[in-house]
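Here is how the chains run, residue by residue.
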Amino acid sequence: MSKLRISSLALGLSLALAGTASAQDVTIGVVGPLTGQYASFGKQLKDGAELAVADLNAKGGVLGKKIKLEIGDDACDPKQARAVAEKMVGAKVPFVAGHFCSSSSIPASDAYLEGNVLQITPASTNPQFTERKMWNTFRVCGRDDQQGGVAGAYLAKNYKDKNIAILHDKSTYGKGLADETKKALNKTGAKEKMYEAYTQGDKDFNALVSKMKAANIDVVYIGGYHTEAGLILRQMRAQGMKAQLISGDALVTNEFWSITGAEGAGVLMTFGPDPRKKPTAKAVVEKFKAKNIDPEGYTLYSYAAVQIWAQAVTKAKTTDPKKVAETVRAGKWDTVLGPLSYDKKGDITAIDYVFYIWKKDGTYSEL
Amino acid sequence: MEIFVQQLINGITLGSIYGLIAIGYTMVYGIIGMINFAHGDVFMVGAFLALIAFLALVAIGVTAVPLALFLVLLIAMALTSLYGWTVERLAYRPLRHSFRLAPLISAIGMSIVLQNYVQIAQGARVKPLPPLIQGGYTLIDNDVFIVRLSNVQILVVVTTLALMAVFSWVIARTRLGRDMRACEQDLKMASLVGVDVDRTISLTFVIGAALAAVAGIMTLLYYGVIDFYIGFVAGVKAFTAAVLGGIGSLPGAMLGGLLIGLIETFWSAYFSSEYKDVAAFSILIIVLIFLPTGILGRPEIEKV
């Protein structure tokens, strides 16, 4: 049944991708989960890339050519991600900003490697993405070994003698992050009391919550996305469990608050320092606000991914993906996130994860 | 012990919702021998209609929770029934005398149509509803563990039991129920003795959809979050429940639903939540090996 669904989607996509761009335009791609339960993150990626392209075109595009944006939807499904990637390769785009889920970015990157496409992900944090010695993979965000390190250290410091539960959703991102956090926690000599997995897309976590309640868990660390984390929190509170919830960068969407309501207050999460507050982002943030978009979460990361590509293309004087990739690796780039530079693997140098807290009014800010 | 009681509460609530959906599968199978794969998506449509009705009621100023709840129940059941009826009329009735696989394939098509329709019309994002029914009772409170029974859980279980009672009465005591039982035994014979077969089948779909709508409302109230995809997972689980209980048997569907809910819950509680689906389906397979027609299913008697 799901196969049918995917092939029908792929068919729709191939129709959408057919007949693009005239010869004097450069077409680039942005791919994220525009449908499915993580659609709010897909929208962040799309919004960011769209504005970046509009801003670049207002200044005359790159190399004298206008940029066209091709939007792909992978629904955070690895199979669909691969299919979308093949379509992008078929449309001969030199560059894709995406994807969102690590479990999509990684299989897609193989297709991009074969098809000679440069991929800069604004949001996929799983270390594997850049660890496979591929020339075409870059990211604008941090890595889960860094993020997990920060979370693990925090747990060790504040909950040393308390009962810690670590949960994950079995996804590449979720399990990766949970394992890195566990590793960092165990390194300090502390040990979690419970390590459990749940299933993505589930709605009922009551059994798991009762089990944690019985184990007197004081703090729950979740490696997973906001929909399940929000439901786990709701069901925890409904059962009268007061434990602290801590999670990662997949909670930085206002949709988390719409799931939890007031019960989300006090939830902690790790993310890069708020990009909206950076002086370099001020003008862009205002443009978003004028369009009635809150550039939260990874929106500005997506904007930055397109910026880096455009600057590298201008510097290399070609859109040839391999040459652009070399240029990206070697240069320094002025983005909305501030100046960025890359190491050999394609990770950005100097990343700092900080803790955020969800406040009573439904917004989050740095702790 | 306390933990056992809490998990029992969790499992019965979850199982009740599965059971309500499972009835729709089992009824349709009983009468026309077809698996209505679109039923899970009818459940999803019911949940969305309930959410829209809630928001509409709030917009026109109906904020008293019991009244709003009652109205939403009526509106969602009525509209979802209409969906159930339309699905049967459009996708299955024209294929009634076609080869056996045809309605099955159009059911899968219908499932995709409903899902994509809701996705396009309502957007792909999850739709939350703030908790309407709060509070609950503390059943056991010793130093070790507090057993909580929330008002929503009471509502889910009581509504399910009440509907089951009404529904069993309809089947056993009314004209419609007699027609349905007649159709279940032999469609052709029933039509020969004056049962309006088409009408009976339509009403079967309508009742199934209405019960799925109730399950949708309960999901919305209990979990507070719905999306266009919930029909798929719930549909698979409820279908499993119907098969486990014995497809075609009404008490079997309810029993199967409860069992699946309890297996999932207790497996998560005492083993690992990672493998709860594996556990539920393994038990299904084991049961089917020893009781091929399910727990309460009657063996198919070859008619001469």
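Here the residue numbering is sequential within each chain, running from 1 through the sequence in written order. Chain letters and ligand numbers both follow the written order, the letters beginning at A and the numbers at 1. The model is predicted, so local features are restricted to residues of pLDDT at least 70 and side-chain atom pairs to those at 80 or more, both for listing and for counting; the totals for chains, interfaces and linings are taken over all residues. The side-chain values count all of the structure's non-hydrogen atoms but skip hydrogen atoms and water molecules.

Peer 1: Can you help me understand the overall build of chain B in this one?
Peer 2: Summing up its helical and strand segments, chain B has 11 helices and four strands in all. Against the 2.2 N^0.38 benchmark of 19 Å for 304 residues, chain B shows a C-alpha radius of gyration of 20 Å, consistent with a compact globule. Only protein chains enter the area calculation, which uses a 1.4 Å probe; residues under 20% of their type maximum are buried, those over 50% are exposed, and those in between are partly exposed. Expressed as a percentage of the 304 residues in chain B, the buried residues total 54%. When the accessible area of chain B is evaluated, it comes to approximately 13,700 Å², of which 71% is carbon and sulfur surface. A run of H or I in DSSP becomes a helix once it reaches four residues, and a run of E becomes a strand once it reaches two; helices and strands are each numbered from the N terminus. What the globule rule says is 2.2 Å times the number of residues to the power 0.38, and the radius of gyration is computed from C-alpha atoms. Note on areas: these come from Shrake-Rupley sampling with a 1.4 Å probe, and a residue is covered only by the protein chains present in the view.

Peer 1: Quick question: what am I supposed to make of the domain arrangement of chain A here?
Peer 2: How big an interface is tends to be stated in terms of accessible area lost as the parts join. All names here are of chain A. Either an automatic procedure or a domain database provided the assignment from which the domain bounds are taken. Entries for chain A in the domain assignment read domain 1 (18-142 + 277-341) and domain 2 (145-271). Its C-alpha centre places domain 1 at a distance of 30 Å from the equivalent point of domain 2. A contact between two residues is defined here by any heavy atoms of the two lying within 4.5 Å. Facing 20 residues of domain 1, the contacting portion of domain 2 comprises 21 residues. In this description, buried area is defined as the sum, over both parts, of the accessible area (probe of 1.4 Å) that is lost when the two are combined. Together, Gln37, Tyr38 and Phe41 form the three largest contributors to the area buried by domain 1 at its contact with domain 2, with a combined 31%. Salt bridges are identified by distance alone: a Lys or Arg side-chain nitrogen within 4 Å of an Asp or Glu carboxyl oxygen. Linking domain 1 with domain 2 are zero salt bridges, by the criterion used here. Identification of polar contacts relies on pairs of N or O atoms within 3.5 Å, with a donor-acceptor requirement for protein atoms, meaning one able to donate a hydrogen and the other able to accept it, and with residues adjacent in sequence counted only if both atoms are side-chain atoms. Taken together, domain 1 and domain 2 are joined by seven residue pairs in polar contact (both at pLDDT 80 or more).

Peer 1: Please clarify how the sheet that holds strand β1 (residues 26-32) of chain A should be interpreted in this entry.
Peer 2: Consider a sheet: its strands pair through backbone hydrogen bonds, and that pairing is either parallel or antiparallel. Residues and elements named next belong to chain A. At least two bridges found by DSSP between two strands is the condition for calling them paired. One open sheet holds the five strands; their spatial order is β2-β1-β3-β4-β5, and the pairing between them is parallel. In this open sheet, the two strands that pair with only one neighbour each are β2 (67-73) and β5 (137-139). Each strand of the sheet is rotated relative to its neighbour by a mean of 25°, with strand direction disregarded. Pairing of strand β3 (residues 95-98) with strand β4 (residues 118-121), which is carried by three bridges, proceeds in the parallel orientation. What counts as an axis is a line fitted to C-alpha atoms, over the stretch in contact for a helix, and the angles between N-to-C directions run from 0 to 180 degrees.

Peer 1: Can you walk me through the nonpolar core in this structure?
Peer 2: Generally speaking, nonpolar side chains in soluble globular proteins are found buried as a group. Within this scheme, the nonpolar core is defined by two criteria: the residues are buried Ala, Val, Leu, Ile, Met, Phe, Trp, Tyr or Cys, and they are joined through side-chain atoms within 4.5 Å. Grouped together as the largest cluster of nonpolar side chains are 186 residues, with contacts concentrated most on Val140, Met212, Val220, Tyr298 and Trp309 of chain A. Looking at this core element by element, the count peaks at 15 residues for helix α8 (residues 197-223) of chain B. Here this core gathers at least three residues from each of two domains, domain 1 (18-142 + 277-341) and domain 2 (145-271) of chain A. The contacts of valine 220 of chain A, once residues within four sequence positions are left out, are Ala165, Leu167, Met212, Met236, Met241, Ala243, Gln244, Leu245 and Ile246 of chain A. Judged by nonpolar contacts, the second largest core, of 10 residues, contains Val31, Ala85, Ala108 and Val117 of chain A.

Peer 1: Can you help me understand the interface of chain B and chain A in this one?
Peer 2: At the junction of the two partners, chain B supplies 41 residues and chain A supplies 36 residues. Summing both partners gives a buried area of about 3,200 Å² for chain B against chain A, and 55% of it is carried by carbon and sulfur. Residues lysine 203 of chain A and aspartate 227 of chain B are paired through a salt bridge, measuring 3.3 Å at the closest nitrogen-oxygen approach. Contributing elements (two or more residues each) for the side of chain B that touches chain A: α1 (2-32), α4 (101-122), β3 (146-150), α8, α9 (230-245), α10 (250-270) and α11 (276-290) of chain B. Class assignment of the residues belonging to the side of chain B that touches chain A gives a composition of 23 nonpolar, 11 polar and seven charged. Under the scheme applied here, ten amino acids are nonpolar (Ala, Val, Leu, Ile, Met, Phe, Trp, Tyr, Cys and Pro), four are charged (Asp, Glu, Lys and Arg), and all others, including Gly, are polar.

Peer 1: Looking at this structure, how should I read the sheet that holds strand β7 (residues 194-197) of chain A?
Peer 2: Residues and elements named next belong to chain A. With mixed pairing, the seven strands of this open sheet are ordered in space as β7-β6-β8-β9-β10-β13-β14. The open sheet is flanked by β7 and β14 (364-366), the only strands paired with a single partner. Each strand of the sheet is rotated relative to its neighbour by a mean of 25°, with strand direction disregarded. In this structure, strand β13 (residues 354-358) lies alongside β14, joined through three bridges in antiparallel fashion. Its bridge partner being in β14, tryptophan 358 is matched across the sheet by tyrosine 364. Strand contacts of helix α7 (residues 206-214): β6 (164-168), β7 and β8 (219-223), with the helix running at about 180° to β7, the strand carrying the most contacts.

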